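# Reading the structure
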Amino acid sequence: MNPVPAIIFGLGFGYILYRVGALDFHNIINTLRLKDLTIAKFMLFSVAISAAGIFSLRALGLVSLDLIPTNPWANLAGGLIFGVGFALAGYCPGTSIGAWAEGKKDAGYTILGGLLGVLVYTLLQQSGLRSGTNSGEISLIDLLPFNAFTTAVLFSVALGGLVYTLDYWEEKRKEQRNEGGV
Amino acid sequence: MKTKWSWVTGGLILGLWNILIFLSGNHLGTTTAYAQTTGYLTQFFTTVIPVSAWTAGTCGTGSTLGVSWQWYLVLGIFLGGLTARLLHGKQKADSVPKLWQERFGFRPRLRYLHAFAGGFLLLFGARIAGGYTSSHVISGMSQLAVSGLFFGGAVFAAAIPVALLLYRKGGAR
């Protein structure tokens, strides 16, 4: 395996996260406090672009999908635990690495905590902890009565609409607050 | 601030970047790198836990505990943060985020404890769920994966109330 593309992809990813402010504790926490939704809009918009692009390329036979299996209880329970950690740390596993590189000491502790989290999970799993049932690799394209490309386009449009609505709502709230202040 | 991109610019660039990553036959994700690192360190002391326990799950599974594609990706993220800081960073980063200080005061050790506990829950949850933000949301949701939609919904369902509760006194900045 050639490591160069992986390093370049990671470098670009870290750089983008920095430039948009996703490596910063305040931007993450203010998104979660619903004070400033920049990071949420950034993420959802990038997913909308990706979905449209990936399914276009897939229709041309250039990429194949690789899904994480759906296991409703595990996905939900893991997400809830992750969410508490997200609010506490103000970083996610990827941004903590970039933030640490940026010189934020607390992010280094998040990474250490993460390594311990993996260790404890693996020990519990080895001692027989099992969670939920694995329902296999399911995508919305398997569930909706359209072809894959159409489903993806509809999904992108819906997501774009959601981002636009969030942005509109935020701008309106900002206006109201400014009027209230004057 | 001039150095900051808007969410439109950032989202567009990340979207295109993610498409390129897919074209190369790979996917974003870092939990496997965490698991491999922990596995590698643990293996040094004891081999009670089989290698497969560390490498199983998440996206892009490797069957060895070596330095994998994801591990290089993580190295890249580190270099990306470093590069951005050298190019655009003005001052030294705060050891305790301002918003956190407003709520809890300047107590670095308590902040580090929060960050550590947060990190623990992040990876513990991610391993249960089979992935996290980049793998479930950026690559998972882009493939319309049901697992990613479940995960993403649950993250915000927990993170929003906890953040509102933890930092309810902080100002908006």
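In what follows, the structure referred to is the one given above.
Residues numbered from 1 in each chain as written. Chains lettered and ligands numbered in written order. Predicted model: local features only at pLDDT ≥ 70, side-chain atom pairs only at ≥ 80, totals over all residues. Heavy atoms only, no water.

## Thoughts on the packing of aromatic side chains
- Inspection of the entire model under this criterion finds 13 aromatic pairs over all chains.
- Look at F9(A) and W69(B): their rings are 6.5 Å apart centre to centre, the planes differ by 45°, and that puts the pair in the tilted class. A residue pair is termed interchain when its members come from two chains, as with F9(A) in helix α1 (residues 3–20) and W69(B) in helix α4 (residues 69–88). As far as the burial class goes, F9(A) and W69(B) line up, both buried.
- Between the aromatic rings of Y15(A) and W5(B), the centroid separation amounts to 5.9 Å while the plane-to-plane angle is 80°, which identifies the pairing as edge-to-face. One end of the pair, Y15(A), is in helix α1; the other, W5(B), is in the segment before α1 (7–23), on a second chain. W5(B) shares its class with Y15(A); the two are buried.
- An aromatic cluster of three or more residues is present, and its members are F25(A), W100(B), F104(B) and Y167(B).
- Seen from the ring of W169(A), R173(A) lies directly overhead, with NZ or CZ sitting 4.7 Å from the centre.
- Across from the ring centre of F104(B), 5.0 Å away, lies the NZ or CZ of R103(B), which sits over that ring. (Phe/Tyr/Trp six-rings, centres within 6.5 Å; stacked < 30°, edge-to-face > 60°. Helix = DSSP H or I, 4+ residues; strand = E, 2+ residues; numbered from the N terminus. Buried < 20%, exposed > 50% of the residue type's maximum accessible area, 1.4 Å probe, protein only. Lys NZ or Arg CZ within 6 Å of the ring centre and 35° of its normal.)

## Quick notes on the interface of chain B and chain A
- At the interface, 116 residues of chain B touch 109 residues of chain A.
- For the pair chain B and chain A, the summed buried area comes to about 10200 Å², and 77% of that belongs to carbon and sulfur atoms.
- Taken as a group, W7(B), L122(B) and L144(B) account for 8% of the area that chain B buries against chain A, more than any other trio of residues on that side.
- The interface formed by chain B and chain A includes one salt bridge.
- There are 30 residue pairs in polar contact (both at pLDDT 80 or more) connecting chain B and chain A.
- Among the secondary structure elements, those contributing two or more residues to the side of chain B that touches chain A are α1, α2 (31–45), α3 (51–55), α4, α5 (98–104), α6 (108–129), α7 (133–140) and α8 (146–166) of chain B.
- For the side of chain B that touches chain A, the leading source of residues is α6(B), giving 18 residues. (Contact = heavy atoms within 4.5 Å. Buried area = accessible area lost by both parts, 1.4 Å probe. Salt bridge = Lys/Arg side-chain N within 4 Å of Asp/Glu carboxyl O. Polar contact = N/O pair within 3.5 Å; in protein donor to acceptor, adjacent residues only side chain to side chain.)

## Things to note about helix α2 (residues 25–32) of chain A
All names here are of chain A.
- Among the eight residues of α2, eight are classified as buried, and the element is accordingly described as predominantly covered.
- Among the residues of α2, F25, H26, N27, I28, I29, N30, T31 and L32 are the ones counted as buried.
- Looking one or two residues beyond α2, the residue adopting positive phi is L34, at roughly 60°.

## Structural notes on a nonpolar patch on the surface
- On the surface, a nonpolar cluster with roughly 400 Å² of combined accessible area is contributed by L60(A), L62(A), L20(B) and L23(B).
- Looking at the secondary structure, you find L23(B) in helix α1. (Patch = residues over 30% accessible without salt bridge, like charges linked within 9 Å, V, L, I, M, F, W, Y side chains within 5 Å. Areas by Shrake-Rupley, 256 points an atom, 1.4 Å probe, with all protein chains shown as cover.)

## Considering the nonpolar core
- Counting residues in each nonpolar core, the largest one holds 85 residues, and the members touching the most others are F42(A), F82(A), F86(A) and Y167(B).
- If you tally residues by element for this core, the top one is helix α3 (residues 38–59) of chain A, at twelve residues. (Core = buried A, V, L, I, M, F, W, Y, C linked by side-chain atoms within 4.5 Å.)

## Thoughts on the pattern of salt bridges
- Under the defined criterion, the tally for this structure stands at six salt bridges over all chains.
- Put simply, D106(A) and R111(B) hold a salt bridge, and the shortest N to O gap is 2.8 Å. Here R111(B) lies in helix α6 and D106(A) lies in helix α6 (residues 105–126), a pairing that spans two chains.
- In this structure D106(A) comes out as buried when scored by relative accessible area, which is 0%.
- Classification of R111(B) as buried rests on a relative accessible area of 0%.

## Re the packing of helix α5 (residues 93–101) of chain A against α4(B)
- α4(B) packs onto α5(A) with a crossing angle of 40° between their chain directions and a minimal axis gap of 7 Å. When the axes of α5(A) and α4(B) are compared, the pair comes out oblique. For the crossing formed where α5(A) meets α4(B), the hand is right-handed. Every residue of α4(B) that contacts α5(A) at G94(A), I97(A), G98(A), W100(A) and A101(A) is listed here: V74(B), I77(B), F78(B), G81(B), L82(B) and R85(B).
- By residue class, the composition of the contact of α5(A) with α4(B) is seven nonpolar, three polar and one charged. (Axes fitted to C-alpha atoms, helices over the stretch in contact; angles between N-to-C directions. Parallel < 35°, antiparallel > 145°, perpendicular 65-115°, else oblique. Left-handed = near helix turned anticlockwise from the far one by under 90°. Nonpolar A, V, L, I, M, F, W, Y, C, P; charged D, E, K, R; others polar.)

Interpretation note: all reported values are geometric properties and have no functional meaning in isolation.
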